[in-house]
Amino acid sequence: MKRILIALFFATCILYSSTAQETFHINGIYEKATSYYAFANATIHVDYNAELKNAILLIKEGKIIDVGEKITIPKDAIVIDLKGKHIYPSFIDLYSSYGMPEIKKNTGMPTPQLETATRGAYNWNQAIKPETDAYKLYANDTKAAEELRSLGFGAVLTSQKDGIARGSATLVLVGDEKENNNILKDKAAALYSFNKGTSTQDYPQSLMGSIALLRQTYLDAAWYKSFPIKKEYNISLDAWNQLQTLPQIFEVGDKFSALRADKIADEFNVNYIIKGAGNEYQLINAIKNTNAKYIVPLNFPQPYDVEDPLEANNLSLAEMKHWELAPANAAFLEKSNIDFAFTIADLKSKPDFFKQLQKAIKCGLSEKTALKALTHTPAQLIGMSGKLGCIKKDAIANFLLTSHTIFDKENILFQNWIQGKPYILADINKPDIRGEYLLTIEKQTNTLVIDGTTSKLNGSIKHTTDTTKHIATIALSGNQLTIHFETDSGFIRLAGYADSAQTMQGKGQLPKGEWISWKATLVKKHIPENKPDSVDTSIAELGEIYYPFTAYGKPLLKESLIEKIKTRYDAVLIKNTTIWTNESEGILKNKDVYIVAGKIVRIADNIDANKGAFAKIIDGTGKHLTSGIIDEHSHIALAGGVNEGTQISTAEVRMGDVINSEDINIYRQLAGGVTTSQLLHGSANPIGGQSALIKLRWGKTSEEMKFEKADGFIKFALGENVKQSNWGDNQVIRFPQSRMGVEQVYYDYFYRAKEYQAKWDAYNKLTPKEKTANPQPRRDLDLEAVSEILQNKRFITCHSYVQSEINMLMHVADSFGFKINTFTHILEGYKIADKMKKHGAGASTFADWWAYKMEVTDAIPYNAAILNKMGIVTAINSDDAEMARRLNQEAAKAVKYGNVSEEDAWKMVTLNPAKLLHIDNKVGSVKVGKHADLVLWSDNPLSIYATVEKTLIDGLIYFDKEEDIKLQEEIKKERARITKKMLVEKAGGEPTQKATQKKQKLYHCDTIEETATAE
């Protein structure tokens, strides 16, 4: 122990030449001392995968000179005997804000700001600031550094986390040297997010806007780089291009945005390291397919207080299951062979770090991978392999001295050495006095038991001839010991010391003040309880992952309903049913429909399955079979806002970027017979965003939901919303402010789009040699989408009410030689049906909405019938998550109000919207060769008594009424199971959080919200 004590003295007194700042003036005598240390007899964990027993570690001037089991110790080295102790590499955190200035959030009421407020030759958008360099902002934070060191961290990647393009991060040590010595890499990584942060500029307002801005910036930076002589100087784009050779770290707010970020990465040939949100396990297969590396947090949710059953009912099943499964996130990543590093960035209480790690290990994470995630992987991701995260020759001398293996509950972090300098965390000389002793006070003998942890001792004393046990308070500092306990006569106080022979002795005072001598001799040393092999047990106690991760999802680790059908059946045969074909055959009675590989292959009487085929037989007797309902105007299944209402045109934004495949409205609408939906941008600007056309494939990923090879559509809008007349008194800045201005926006954009396309046409005609001498035009995603309209590659669905504006837009389209595909809402369509027919526009309307705002004063419930009678392709849409579940009844209103035939009425929610969406060759009717997107109804589908019994998409059953009843029972059982676990946690003393209801945000055309700051 002498060597240890000597070492500690030198460690705190020596001047380190390794960290001396040679360019700094010294006020006094300059002393240069050599810091040469030899750590002997330790178990050295050279990395996460290997250890050396009774080995020696040599360090000098902040670097590791050598490490091994047979090393000659230099004569001038200070030798530290670590017999029984362990040495580990210090930890690394790749997502820290250590040493960064506080980010000041915006306060007060927001006011419109269309242009950047940043002065200088910077990017046009305040959220793009790649010129931000963390190493210029970094300043030591003594308190934060001490906390990081106490948790075992020796280095962190720190940055200013503000904006979409956040600039460069710097790699620093968390020692107490000057900043000049702590910085290891000035520009160590580039950082991004979908969160615009403190930008006061309106754009982007939505998640899709953030994605579009990022996409456009990649294109702008490449265009800017292509010019040998700059047409303009842009500090931000210059900085952006310089950062592209660094590791690229992208922070996301959830598992879906991890996939969104990866899609951007694939588009621009970038490899993102994704800083996740801790719920990656919920989409583990898709996450694995990104082939990305991850940085994951340890911020597991507290259990909810569910003692009150009414309050407990506020919780969604997804919240309950995430509480249970979040600690297993890392274990699922490990099992899927996904490389990841840990960060403590999101921990509310940083001291909980080891507690959270131990939870992850109990849930199946191996200790080997846990150590790898704190050492090797972060070093590798940041290009510091061999320098950090290991104990190897020539590495930086960042390491920990511990009492036990690093994740042992009994472990104590004694010291954290950073660049060869020790930081004392606990007394390494403090003996472990736990055990059973024979305690002699004067001539009386007692049994003394000391247990607890080495940092918090517990004790009890019992006279050898007495059964009464007295609780003792025990304190040990170094080898100085105090014990006091209460007897029937009063307090007895003992003081003394513990020596290396594991005996304790000293002086004490009895209750009446008499001084006595005492001595304690070890009888039995404390043996820590063997840690249970908790991996398998913990996994067995965990529930299963549902996909989708919500109610009415199915376990991921078992065959889902969809997969069962796919693997068990070669075909589906629906027998003896009434078929609403939507074709010339009309309604067929008592027919069979045979489905193979997702398509309708035969409609006839008494069909037998093909020989050798294993067909699922569905009895349709007394039931009605129709094609699936198609909702031409929907806003379900979207994340982060439905409007990017900040600019005149946001044609660059794409609803397909923000599909939320776990929206419960998908399942609910399947229960209402909906199979296809067009997800539209809102109506906040004249030219909105690009639509997404999806099949409601519940259980599939966002990308898998998209309708294959569908034409592109875009949302236009007219009326009150566009000119901001209902936005509030301060919304008077953005053009247009009148309906006349809306018309001018369209003319301006279409003229500009023509000019834009002409530039590209001219460039594309150049020879390869000519292209070399003429850099390509700048790609503008906004004008590119508008140009596609002029080329009949993208088609307009226009939000509309008033006849004058509808006429205006048709005139604009005629002027440029294209057709308006669909007027949606179109509540005054009956006034101009003849003009619409001449133009070639279709209509998608409400059945009977009117008088809900001034624009619709003249709306009538006969609109759909009149338009249909005029020969206009007419659909009835929802524009509402709830209404879409009963579009069959909305269609029936056309029969009631307009005396439309049942077949024509049914076409308004099936074949007609399919025609408007250009997919009628695939869906919309029951016809051989078409997709088997079908609904089996209990009654006439236009009846208010009709319910959906089965909904099929591509021949697979996505909703089954009988299965739904079973799922409801399973949900009750699952909630009860998790509730019981939460009650046990609370009874065991775990802090809880209140069970509060979180209502789902339902989007409509006019929904405006700021989501780009909260993703």
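Cut-offs applied
- Residues numbered from 1 in each chain as written.
- Predicted model: local features only at pLDDT ≥ 70, side-chain atom pairs only at ≥ 80, totals over all residues.
- Heavy atoms only, no water.
- Helix = DSSP H or I, 4+ residues; strand = E, 2+ residues; numbered from the N terminus.
- Polar contact = N/O pair within 3.5 Å; in protein donor to acceptor, adjacent residues only side chain to side chain.
- Contact = heavy atoms within 4.5 Å.
- Axes fitted to C-alpha atoms, helices over the stretch in contact; angles between N-to-C directions.
- Parallel < 35°, antiparallel > 145°, perpendicular 65-115°, else oblique.
- Nonpolar A, V, L, I, M, F, W, Y, C, P; charged D, E, K, R; others polar.
- Core = buried A, V, L, I, M, F, W, Y, C linked by side-chain atoms within 4.5 Å.
- Buried < 20%, exposed > 50% of the residue type's maximum accessible area, 1.4 Å probe, protein only.
- Pairing = 2+ DSSP bridges.
- Phe/Tyr/Trp six-rings, centres within 6.5 Å; stacked < 30°, edge-to-face > 60°.
- Lys NZ or Arg CZ within 6 Å of the ring centre and 35° of its normal.

A. Representation of the side chain of Asn182 within the structure. Tracing the backbone shows Asn182 in helix α4 (residues 179–182). A polar side-chain atom of Asn182 sits 3.2 Å from a polar atom in the side chain of Asn140. Excluding residues within four positions of it along the chain, Asn182 makes contact with Tyr138, Asn140, Leu171, Val172, Leu173, Gly175 and Glu177.

B. Fine view of the packing of helix α19 (residues 739–764) against helix α21 (residues 781–790). Packing of α19 against α21 leaves a shortest axis separation of 8 Å and a crossing angle of 95 degrees. The angle between α19 and α21 places the two elements in the roughly perpendicular class. Mapping the contact onto sequence places Tyr749, Phe750, Arg752, Ala753, Lys754, Tyr756 and Gln757 in α19 and Asp782, Leu783, Glu784, Val786, Ser787, Ile789 and Leu790 in α21. Partitioned by chemical class, the residues of the contact of α19 with α21 number 8 nonpolar, 2 polar and 4 charged.

C. Geometry of the nonpolar core. With 160 residues, the main nonpolar core has Leu214, Tyr272, Phe342 and Phe353 as its most contacted residues. Looking at which element gives the most residues to this core, the answer is helix α5 (residues 207–225), with 11 residues. Sequence-distant contacts of Tyr272, that is, excluding residues within four places in its chain, are made with Tyr192, Leu214, Tyr218, Gln248, Phe250, Ala261, Ile264, Ala265, Ala292 and Lys293. Counting residues in each nonpolar core, the second largest holds 42 residues, with Ile687, Ala717, Ala785 and Ile820 among its members.

D. A look at the sheet that holds strand β18 (residues 435–441). With antiparallel pairing, 8 strands are arranged side by side around a closed barrel as β18-β19-β20-β21-β22-β23-β24-β25. Here the average twist between neighbouring strands, direction ignored, is 30 degrees.

E. Looking closely at the packing of aromatic side chains. Under the defined criterion, the tally for this structure stands at 41 aromatic pairs. Relative to Tyr138, the ring of Tyr98 lies with its centre 6.0 Å away and its plane at 55 degrees, an arrangement referred to as tilted. Residue Tyr98 is found in the loop between β6 (91–96) and α2 (134–137), and its partner Tyr138 is found in the loop between α2 and α3 (142–150); the two are separated by 40 residues along the sequence. Taking the relative accessible area as the measure of exposure, Tyr138 reaches 6% and is therefore buried. Judged by centre distance (6.4 Å) and plane angle (25 degrees), the ring pair of Tyr747 and Tyr751 falls under stacked. Placement of the pair is Tyr747 and Tyr751 together in helix α19, with a separation of 4 residues, close to one helical turn. Classification of Tyr747 as buried rests on a relative accessible area of 16%. Here the aromatic cluster, defined as three or more aromatic residues joined through ring pairs, consists of Tyr192, Phe194, Tyr218, Trp240, Phe250, Phe268 and Tyr272. Geometry around Tyr423 places Arg149 over its ring, the cationic atom sitting 4.2 Å from the centre. The ring of Phe332 has Lys335 lying over it, and the distance from NZ or CZ to the ring centre is 5.7 Å.

F. Molecular detail of the sheet that holds β6. The 8 strands lie next to each other as β6-β7-β8-β9-β10-β11-β12-β14, forming an open sheet whose pairing is mixed. Of all the strands in the sheet, the pair left with one neighbour each is β6 and β14 (340–343). Put simply, the sheet's adjacent strands are angled 25 degrees from each other on average, direction ignored. The pairing of strand β8 (residues 165–173) with strand β9 (residues 183–193) spans 6 bridges and is antiparallel. If you follow Leu171 over to β9, its bridge partner there is Lys185. Against the sheet, helix α7 (residues 255–267) contacts β10 (248–251), β11 (272–275) and β12 (293–297), and its axis sits at roughly 165 degrees relative to β11.

Geometry only, nothing functional implied.
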